[in-house]
Structures are given as C-alpha cells and as structure tokens.
Amino acid sequence: MTLAIDVQRLTRRFGAFVAVDAISVQVKTGEVFGFLGANGAGKTTAIKMLIGLLEPTEGSAQVAGYDVRTQSEEVRRRIGYMSQRFSLYDDLTVRENIQLYGGIYGLTDDEISTRGAELVGGLHLDGAHDALVGTLPLGWKQKLAFSVALLHRPLVVFLDEPTGGVDPVTRRQFWEMIYAAAARGTTVFVTTHYMDEAEYCDRLSIMVDGRIAAMGTPAELKAEFGAPTIDEVFVRLARPAAMAGGV
Amino acid sequence: MRALRFLLRKEYLQIFRDKTLLRMLFLIPVVQLLVLSNAATFEVRQSRLFVVDRDRSTMSRGAIDRLVASGRFERTAASVSIAAADAAMRERRVEMIVVIPEGFERGIVRDHRATVQLLLNAEDGSAAGVSQAYARQILSRYAADLGGSLTPPIVPGGAHAEAAPGRARGVLDVRTRGLFNAELNYKHYMVPGILIQLLTIIGTLLTAMNIVREKEAGTLEQLNVTPVSRPVFIAAKLIPLWTLAMLVLAIGLFIGWIAFGVPMRGSLLLVFFGGAIYLVVALGIGLWISTVVETQQQAMFVTFALLMIYLLMSGLFTPVNSMPPWAQVVADANPMRHEIELMRAVMLKGAGLADVARHLVVMAVSGVLVLTIAVRQYHKRSA
C-alpha cells in the first residue's frame, strides 16, 4: 500500500516554544486516521503544516506524494480541508458555495452541476439548494462543509474537529460520511475530542506536549495500556502532562 | 483564469447582498458632499471687530462703515482705549482691532495719506491672513475714493508696534481677477477634493475590511488551502471594489454637478482615467493594511490613522505651498494630492492629458509600488 501521508521528524517552533516536536506519522491510502491530543498538544499546528498554511521549522512531510515545503501547490490541488471554524460563505446559497469551490478546483460546469446535485441529494438538502448557508442549522452546515471539501475528489482530506458542537445523531451521520469517503479511496486525517469517535478510526495517534505518545489501531492501544476504552488510554497519557503543566 | 471568474462572481454576489453596504455607498457621498462642501471653506465672514476711533471724524467713521458694510466684519465693541481693546482680544471677544489715530482726516485732506493700525488674533494664522487682506483691500479702496492713500500696518497677535508713517505717494489700484474659477466659488474648488477624500476612505477601508472579515470568519484560511494563486485572489478582491469605487466617483460627480453646478471644463474621460489609476493606490493600501492586521477593529484603526496623515498632507484643507520644505516633499509624493490637483485642473481649468501627465505618472508609480508591497506581504502560508 502506498502512503498518503509520510511525516518524518516534523518540528515547529514558535520562538523558544516547541509546538510540534519531531513527530513522525505514516498514513496509508484509504485509511481513516485519528489524530488525537488534548487542547494545546499541537494538533492544529501539525495539520497546518501538512496543508501548507504554516512553514515547518524542521523535518519533512509528504502529502499525496508531494513535499509540503517545496511543492505546496501540488499538495493543495490534491487535498481537502475542513477547519474547526465553519468555513463556507454564510451569505451565499448552498448552490453558490458548491459552484465557487468547484470552480476554484477547476471542475467543469458539467462536473459542478452533476456532483453538486449528487452532494445535495446525498445530504437530503434538495429543498435548500437556494437557501443561504447562514440559515441552515449547524449540523447541516458541517455535513455540507465536509461534502464541499470532497467535491474535487481529493486524495487526502483533513478534518480538524469536524463534529464540534453537533448532536449525537448528526455525529453518527457524519462518521457514515467519513466511512463512505474512505471506501471511495480518500484518505481521512481527522482530529477529535470525542473518544467514542476515536474508536471508529482505523488507526490513531495520541499527541502529548508536541510529541506523539502512542500510535496504533484502537485495539492495539487498548492492549498496550491495558485499558478497556480509548478514553482510558487518552486520560492515562494526557494526565501526567497536565499535572506537570500545573493544571 | 477559471478560478478568477468564480471568485469574482462570489465577490459581486456578496456585495450586492449586503444591503447596508450598498445604502452606505450611495448615502455617504450624498451627505458628505452636501455637508462638507458647504462647511469646508477658507472664507472668513463676520469677523468681530473692535473699533478704536481716536479721530472721531466723518472720514474715520466712513472707514469703519466701509469695513462693516462689506459683510466681512461685525462691529462688536468700540472704545478710545487701546487697553480695553487688548483685553477684549485676550478674552477672545474680538478677532481684529482697528485703531484710527488722531489726525486721520487731516492727514488725508492735507497730505493725501494716513495711517490705520490693524491688530489681529493670529492664533488661526490663515483666518487672520484672510481678514487682514480683506481689511487692507477695503480701507485702501476707501482711501482711494477719498483721493488719498492709506498704510495699515499689520500687527499680529495683539502685540503693539508704532504706526509706521505712510510711504506711498501715488495711489496704486491693484485689481485681481481669478482665472478658471472666476467667481472664486469655494464649492467648485472643494467638491473635487472632498470627492477624492471620500473615494480614498471608501476604497481603502472597504478593501481592508473585506479581506479581514474573511480572515475573521476563517474563509480566508479555507481559500489559502485551495490552489487559488495569490494574484488571482487579489485580483478577485480588488476588481469588484474598484468598480464599486468608480461608481461612487460617478455618483459624486453627478451630485457636484446637480447640487453645486461644478463645471466639467475638461474631459470627463480623463477624470475617470485619473480616478481609475488613483483607486489602484487606495485599494492597494487597503490590501496592505489587511495583511498586517488580524481583526476588523484593527483594520479600522490603522486605516484611519493612515488616512489622517494622508489627508492632511494632500493640500485639501491646508495649501501645500504653506507647508515647511520637508512636508512639501512628503506632500509631493502623496498620490492623493496629485489626484485632487488633477481633478481640479481638469474640471475647473479644462486641463488636458499633457497638463496632468505628471500627476498620472506619480499616481501610477505609487500604485505599482503599493500593490507590489501588498502582494509580497500577502502569504498563503505563514512563516
């Protein structure tokens, strides 16, 4: 299997502070990879380096076969990204948002209309095609944002806490969408705070203070730490760090 | 290029959906032009006058009457005591003191010359200068009518000086005629300037705010993850705002013409051409601001701090000629000044392309410079 993401000793410093400390991660194509960590552990900083929003200080990273330092435009063409903050345009309609992102990624008019129709149908948003996105409920917005991030059929999609603030039913639907994307061959790199979601991942890593403290399948991690749940694994790893930090 | 088309469409959709923005874009030029053009004037009317008439003759009373009849001065107090006049000026009850010494009438009748002393509060130097010039003109004309000449020594700031004896023998009648704005209509002079100031604020602030709003909303980050290139992104931001500002220019010119009868002696096309180039500078500055700030509040603050300097160094409210040499150098590099001068020259004087070529060149150079700096500052990836 080829690697969708290959990170070697990637480091990011802000002055004296080391936000990401020489992490190494390999994600295989079609995998759903959970990137866990407490708040401030360095997850978002790491993702920002992988999607070309932040310059790495040291180390290397290849995403979709291209170097994020020297070939960031090639990387951008092949990835999708959904940030913590909802990032579609509230003052544009569902259709207009789809057209905009389709156009940006160079889809033809036909592709935009067929994929757009599929997308809207898949989300059961048919009646809301011409509604302003700002008027949709949060759960629908999140699902729409995810679908739009997949519109150009990226090889890798990065999801930074995609299910923050949505209800359990929507979260479940969201994960069904993630599996569907992975089944089509898209690699999913997802961060989350919900440990039940972590159990759904093929593999995951847990980041503590800028380092990767553990990595493996959920079953492997639970066996390694002798814990019944990922939640338990997470707490055991994260607690010493929190206590050392005086929290 | 395909991406540009979609991005442009998005920007126009957003602009035309923002009803508040549109209302402001049409209302601000109307209100500002109507209010400011009437208020912003260098003219001085109804200066309060303290009369110290020590001659108390028909001629001295005639001189005072002339001053008052002009409408420029209002006689608010009179006394024979200089001390009383001084006190009045110190308490800011009067702006000018006119002292007519004893022997004024005798001097005119016998020697055809006499002396009048004017004392002005020069705290506001330009207003004092204007009052002084009016008073001098009115009194000289009066003296000429009587067949004499008059020497009004000017003493600024309430200090005293001995009245200098008149030196002029003959009577010199200087007649001035303002060319190009023959009626010295201040509105015709102010409207183009105010319009450009308005255009600068709208252009710079809208650009800065528009981009920073996307920064705050997180949509800018989303766009930075896409393959959209820097030039395409910037073009998609600037082109719609540029057309909007051009529309405001057209509205402003129309209001100037309808409400104030501001003439268009030169080519309308040249006015728009100048505006088009100038707007690149204004929008470029907005773009630059958006790259150095994080929130709309900061954008607003930086924009206004910058525009204030810009505005005061533009010659709109204070003539560039009266600035110190270093400030004149700065003002000469100020594109806003060049645009205001271009507008005034083309509209009031009928200047052609060759006459304003220098202004166009300075603006074009600043435009290229500002845009280059701003584009280099804008990064998809932060270091």
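Here the structure is a predicted model, which means the values were calculated and not measured.

Engineer: In this structure, what is going on with the overall build of chain B? I would like to understand it.
Structural biologist: Secondary structure assignment for chain B yields 14 helices and seven strands. Of all 383 residues assigned to chain B, the portion counted as buried reaches 49%. Nonlocal contacts in chain B, meaning residues at least 24 apart in sequence, comprise 79% of its contacts between residues at least 6 apart.

Engineer: Could you clarify how one ought to interpret the interface of chain B and chain A in this entry?
Structural biologist: By a frequent convention, interface size equals the accessible area lost on bringing the separate parts together. The interface is formed by 28 residues belonging to chain B together with 38 residues belonging to chain A. Of the roughly 2900 Å² buried where chain B meets chain A, counting both sides, 51% is carbon and sulfur surface. One can count three salt bridges joining chain B with chain A. Ionic pairing is found between K48 of chain A and E221 of chain B, a salt bridge with its closest N-O pair at 3.2 Å. The interface formed by chain B and chain A includes 13 residue pairs in polar contact (both at pLDDT 80 or more).

Engineer: How should empty space enclosed by the protein be read in this particular structure?
Structural biologist: Vacant regions in the atomic arrangement are exposed by a probe of water-molecule size rolled over the atoms. A full pass over the atoms with the stated rule returns four cavities of 30 Å³ or more. Approximately 90 Å³ is the volume found for the largest cavity. As for the largest cavity, its lining consists of Y81, M82, S87, L88, Y101, Y105, A145, V148, A149 and H152 of chain A together with Q222 of chain B. Residue assignment for the lining of the largest cavity shows that the elements contributing at least two residues are strand 6 (79-82) and helix 5 (138-149) of chain A.

Engineer: For this particular structure, what's the right way to read the environment of L348 of chain B?
Structural biologist: Take L348 of chain B: it is sitting in helix 13 (residues 335-349). Residues L348 of chain B and V191 of chain B, spaced 157 residues apart in sequence, show a C-alpha to C-alpha distance of 11 Å.

Engineer: It is not clear to me how the pattern of salt bridges should be interpreted in this structure. Could you clarify?
Structural biologist: Should their charged atoms come close, side chains of opposite charge can pair. Applying the stated criterion to the full structure yields 30 salt bridges over all chains. Between E73 of chain A and R76 of chain A there is a salt bridge, with its nearest N and O atoms 2.5 Å apart. Remark: R76 of chain A and E73 of chain A occur in helix 2 (residues 72-78); sequence separation between them is three residues, near one turn of the helix. Salt bridges here are not isolated pairs; linked through shared partners, they connect K10, E11, E214 and K237 of chain B.

Engineer: Looking at this structure, I do not really get the domain arrangement of chain B. What am I missing?
Structural biologist: Taken domain by domain, chain B comprises domain 1 (2-40 + 183-377) and domain 2 (47-156). Between the C-alpha centres of domain 1 of chain B and domain 2 of chain B the distance comes to 46 Å.

Engineer: Can you walk me through the sheet that holds strand 5 (residues 66-67) of chain A in this structure?
Structural biologist: Pairing between the strands of a sheet comes from backbone hydrogen bonds, and it takes one of two forms, parallel or antiparallel. Residues and elements named next belong to chain A. With antiparallel pairing, the four strands of this open sheet are ordered in space as 2-1-4-5. Here the strands that pair on one side only, and so sit at the sheet edges, are strand 2 (17-28) and strand 5. Relative to strand 4 (residues 58-63), strand 1 (residues 3-14) runs antiparallel, the two being bridged by five bridges. Note on strand 4: the bridge partner recorded for D6 is Q62.

Engineer: In this structure, what is going on with the packing of aromatic side chains? I would like to understand it.
Structural biologist: For any pair of aromatic rings, the description rests on two quantities: the centre-to-centre distance and the angle between the ring planes. Residues and elements named next belong to chain A. As enumerated under the stated definition, the model contains nine aromatic pairs over all chains in all. With a centroid separation of 4.9 Å and 40° between ring planes, the pair formed by F35 and F189 is classed as tilted. Residue F35 is found in strand 3 (residues 32-37), and its partner F189 is found in strand 8 (residues 187-191); the two are separated by 154 residues along the sequence. Grouping residues by exposure puts F35 and F189 together as buried. An aromatic cluster is present here, built from F33, F35, F158 and F189 joined pairwise through their rings. For R171, the ring lying beneath its charged end belongs to Y194, and the centroid distance is 3.7 Å.

Engineer: Sorry, what's going on with the packing of helix 3 (residues 58-69) of chain B against helix 5 (residues 104-111) of chain B here?
Structural biologist: Two quantities define a packed helix pair, namely the angle between the axes and the distance from one axis to the other. Residues and elements named next belong to chain B. With their axes 7 Å apart at the nearest point, helix 3 and helix 5 run at an angle of 100° to one another. Overall, the two elements helix 3 and helix 5 adopt an arrangement that is roughly perpendicular. Facing T58, M59, S60 and A63 of helix 3, the residues of helix 5 in contact are F104, E105, I108 and V109. Within the contact of helix 3 with helix 5, the residues separate by chemical class into five nonpolar, two polar and one charged.

Engineer: Please explain the nonpolar core as it appears in this structure.
Structural biologist: Across soluble globular proteins, nonpolar side chains show a tendency to be buried alongside one another. With 129 residues, the main nonpolar core has Y101, L144, F146, L159 and I206 of chain A as its most contacted residues. It is helix 9 (residues 230-260) of chain B that provides the largest number of residues to this core, a total of 15 residues. Not counting residues within four places of it along the chain, the set of residues in contact with F146 of chain A comprises M82, V157, L159, F174, M177, I178 and A181 of chain A. One finds V20, V27, M49 and A64 of chain A within the second-largest nonpolar core, a separate group that totals 30 residues.

Engineer: Is there a simple way to think about unusual backbone geometry in this case?
Structural biologist: Among all residues save glycine, negative phi is the norm, and among peptide bonds the norm is trans. In this model, A64 of chain A sits at a positive phi of 55°, which is unusual for a non-glycine residue. Look at R56 of chain B: it is not a glycine, yet its phi comes out positive at around 45°. By secondary structure assignment, the location of R56 of chain B is in the loop between strand 1 (47-53) and helix 3.

Engineer: Looking at this structure, I do not really get the layout of surface pockets. What am I missing?
Structural biologist: Residues and elements named next belong to chain B. Size it by volume and the largest pocket reaches roughly 730 Å³. Lining the largest pocket are 30 residues, and of these D18, L21, M209, N210 and R213 lie nearest its centre. At 10 residues, the largest contribution of residues to the lining of the largest pocket is made by helix 7 (residues 186-217).

Engineer: Would you mind showing me how to read the sheet that holds strand 10 (residues 211-216) of chain A here?
Structural biologist: Residues and elements named next belong to chain A. Pairing in this open sheet of six strands is mixed, and the strands run 6-7-8-3-9-10 from one edge to the other. Sheet topology places strand 6 and strand 10 at the edges, where each strand pairs with a single neighbour. Looking at each pair of strands side by side, their axes are set apart by 15° on average, direction ignored. Strand contacts of helix 5: strand 6 and strand 7 (156-160), with the helix running at about 165° to strand 6, the strand carrying the most contacts.

Engineer: Can you help me understand the pairing of strand 2 (residues 73-78) of chain B in this one?
Structural biologist: If a strand is regular, its side chains alternate between the two faces of the sheet. All names here are of chain B. As defined by bridge partners, strand 1 adjoins strand 2 across five bridges and the pair is classed as parallel. Looking at the pairing, V51 lines up with A78 of strand 2. A crossover connection joins strand 1 to the parallel strand 2 through helix 3; in handedness this β-α-β unit is right-handed.

Engineer: Explanation requested: the confidence of the model for chain B in the structure shown.
Structural biologist: Any residue range with low pLDDT should be treated as having predicted coordinates unsuitable for detailed reading. Residues and elements named next belong to chain B. Put simply, chain B has an average pLDDT of 84, and 89% of its residues get 70 or more. Highest mean pLDDT in chain B belongs to helix 10 (residues 268-292) (95); lowest belongs to strand 7 (residues 154-156) (53). Counting interchain partners and residues more than four positions distant, the pLDDT-below-50 stretch residues 157-172 has 31 contacts.

Thresholds applied
- Residues numbered from 1 in each chain as written.
- Chains lettered and ligands numbered in written order.
- Predicted model: local features only at pLDDT ≥ 70, side-chain atom pairs only at ≥ 80, totals over all residues.
- Heavy atoms only, no water.
- Helix = DSSP H or I, 4+ residues; strand = E, 2+ residues; numbered from the N terminus.
- Buried < 20%, exposed > 50% of the residue type's maximum accessible area, 1.4 Å probe, protein only.
- Contact = heavy atoms within 4.5 Å.
- Buried area = accessible area lost by both parts, 1.4 Å probe.
- Salt bridge = Lys/Arg side-chain N within 4 Å of Asp/Glu carboxyl O.
- Polar contact = N/O pair within 3.5 Å; in protein donor to acceptor, adjacent residues only side chain to side chain.
- 1 Å grid on protein atoms, 1.4 Å probe; cavity = no way out; pocket = protein on both sides within 12 Å on 5 of 7 lines; lining within 4 Å.
- Points joined across faces, edges and corners; volume = space filled by probe spheres on them.
- Domains from an automatic or database assignment.
- Pairing = 2+ DSSP bridges.
- Phe/Tyr/Trp six-rings, centres within 6.5 Å; stacked < 30°, edge-to-face > 60°.
- Lys NZ or Arg CZ within 6 Å of the ring centre and 35° of its normal.
- Axes fitted to C-alpha atoms, helices over the stretch in contact; angles between N-to-C directions.
- Parallel < 35°, antiparallel > 145°, perpendicular 65-115°, else oblique.
- Nonpolar A, V, L, I, M, F, W, Y, C, P; charged D, E, K, R; others polar.
- Core = buried A, V, L, I, M, F, W, Y, C linked by side-chain atoms within 4.5 Å.
- Right-handed = clockwise from strand over helix to strand, strands pointing away.
- pLDDT = per-residue confidence, 0-100.

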